[in-house]
Amino acid sequence: MSEQKAREDMVRLGASFFQRGYATGSAGNLSMLLDDGTLLATPTGSCLGELEAERLAKVNLKGEWISGDKPSKEVSFHLALYHNNPQCRAVVHLHCAWLTALSCLEGLDTRNAIKPFTPYVVMRVGEVPVVPYYRPGDKRLGEDLAKLAPRYNAFLLANHGPVVVGKDLRAAADNMEELEETARLMFILGDRKIRYLTAEEIAELRS
Ligand SMILES: O=C(O)[C@@H](O)C(=O)COP(=O)(O)O
Ligand SMILES: [Zn+2]
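Conventions used here
Residues numbered from 1 in each chain as written. Chains lettered and ligands numbered in written order. Predicted model: local features only at pLDDT ≥ 70, side-chain atom pairs only at ≥ 80, totals over all residues. Near = placed C-beta within 6 Å. Nonpolar A, V, L, I, M, F, W, Y, C, P; charged D, E, K, R; others polar. UniProt positions renumbered as here; feature names shortened; annotations may be inferred. Helix = DSSP H or I, 4+ residues; strand = E, 2+ residues; numbered from the N terminus. Axes fitted to C-alpha atoms, helices over the stretch in contact; angles between N-to-C directions. Parallel < 35°, antiparallel > 145°, perpendicular 65-115°, else oblique. Left-handed = near helix turned anticlockwise from the far one by under 90°. Contact = placed C-beta atoms within 7 Å. Buried ≥ 20, exposed ≤ 12 C-beta atoms within 10 Å, placed from the backbone. Right-handed = clockwise from strand over helix to strand, strands pointing away. Pairing = 2+ DSSP bridges. Expected span 1.5 Å × (residues − 1).

**Here's the deal with the site of ligand 1**
Here's step 1: In the region of ligand 1, the neighbouring residues are Ser26, Ala27, Gly28, Asn29, Thr42, Thr44, Gly45, Ser72, Lys73, Glu74, His93 and Pro136.
Here's step 2: Here the shell around ligand 1 is composed, by residue class, of two nonpolar, eight polar and two charged.

What follows is the structure, given as structure tokens:
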């Protein structure tokens, strides 16, 4: 894919997230690997609804800022995911309401915050580990994500929000939307007794 097309895709996706309420204010950040091995990332403090193709930040895989506006302060945790998962070619971090609400609950299963009760989340995303709370931009976010990256496609940052990877930006976005919808269903279901998928049903979906 040409760099220009990649830039336009990121701008379009940011606007789509913003228009549909997945992103608000200047929260969240996106990145994707370019064919030349550098990273295209949203600038720090930018509104995902108002990105400009020529102002997107470019950084190399050492995290050095090459061009564009100053990159997201979370670019180090994005890099941790690229470095530790060869399948990861795009990263989406949002503060979307339902997943962020979930990230604030006490007593989450930190190995998997979303116990499956529908098939699609198993097929698309799998388990969602929880990273302990750190201040946004803290280097420990990257250190913890680096350890989890080889085994998972999605993560919940405690009291902060979700991070999802994909083979491209579209796939990462689709996975994020699927997870957000699942979190919404968890809150709709509330205290009702849920029939969770059985171990056999989950294994069948993974096979
Ligand atoms: O929550 C935060 O502050 C960051 O994780 C975030 O979402 C936006 O930071 P920038 O990408 O640096 O704007
Ligand atoms: Zn954030």
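**Quick notes on the UniProt feature "domain: Class II aldolase/adducin N-terminal" (unreviewed entry) in the protein**
Here's step 1: In the numbering used here, UniProt assigns the feature "domain: Class II aldolase/adducin N-terminal" (unreviewed entry) to residues 8-187.
Here's step 2: Within the segment residues 8-187, helix and strand shares are 36% and 17% respectively, and the terminal C-alpha atoms sit 35 Å apart.

**Quick look at the packing of helix H2 (residues 75-84) against helix H5 (residues 139-148)**
Here's step 1: Close contact between H2 and H5 brings their axes to 8 Å; oriented N to C, the two are set at 15°. Compared by their axis directions, H2 and H5 come out roughly parallel. You can see that H2 and H5 cross each other, and the crossing is right-handed. From H2, Ser76, Phe77, Leu79, Ala80, Leu81, His83 and Asn84 reach across to H5, where they touch Lys139, Leu141, Gly142, Leu145 and Ala146.
Here's step 2: Classifying every residue of the contact of H2 with H5 by side-chain character gives seven nonpolar, four polar and one charged.

**Re the pairing of strand S7 (residues 154-157)**
Each regular strand displays side chains that alternate between the two surfaces of the sheet.
Here's step 1: Taking every second residue as pointing to the same face, both faces of S7 are buried, with Ala154 and Leu156 on one and Phe155 and Leu157 on the other.
Here's step 2: One crossover worth recording links strand S6 (residues 130-131) to the parallel S7 by way of H5, and it is right-handed.
Here's step 3: As defined by bridge partners, S7 adjoins strand S8 (residues 161-166) across four bridges and the pair is classed as antiparallel. Paired with Ala154 across the two strands is Val164, which belongs to S8.

**Overview of the environment of Gly37**
Here's step 1: One can find Gly37 in the loop between strand S1 (29-33) and strand S2 (39-41).
Here's step 2: Along the backbone, Gly37 and Ile188 are 151 residues apart, and their C-alpha atoms lie at a distance of 42 Å.

**Describing helix H1 (residues 3-19)**
Here's step 1: The end-to-end C-alpha separation of H1 is 24 Å, in line with the 24 Å expected for 17 residues at 1.5 Å each.
Here's step 2: Looking only at H1, the buried set comprises Ala6, Arg7, Asp9, Met10, Val11, Leu13, Gly14 and Phe17.
Here's step 3: The inward-facing, buried residues of H1 abut S1, S2 and helix H6 (169-189).
Here's step 4: With its phi angle positive at about 85°, Gly21 sits one or two positions after the end of H1.

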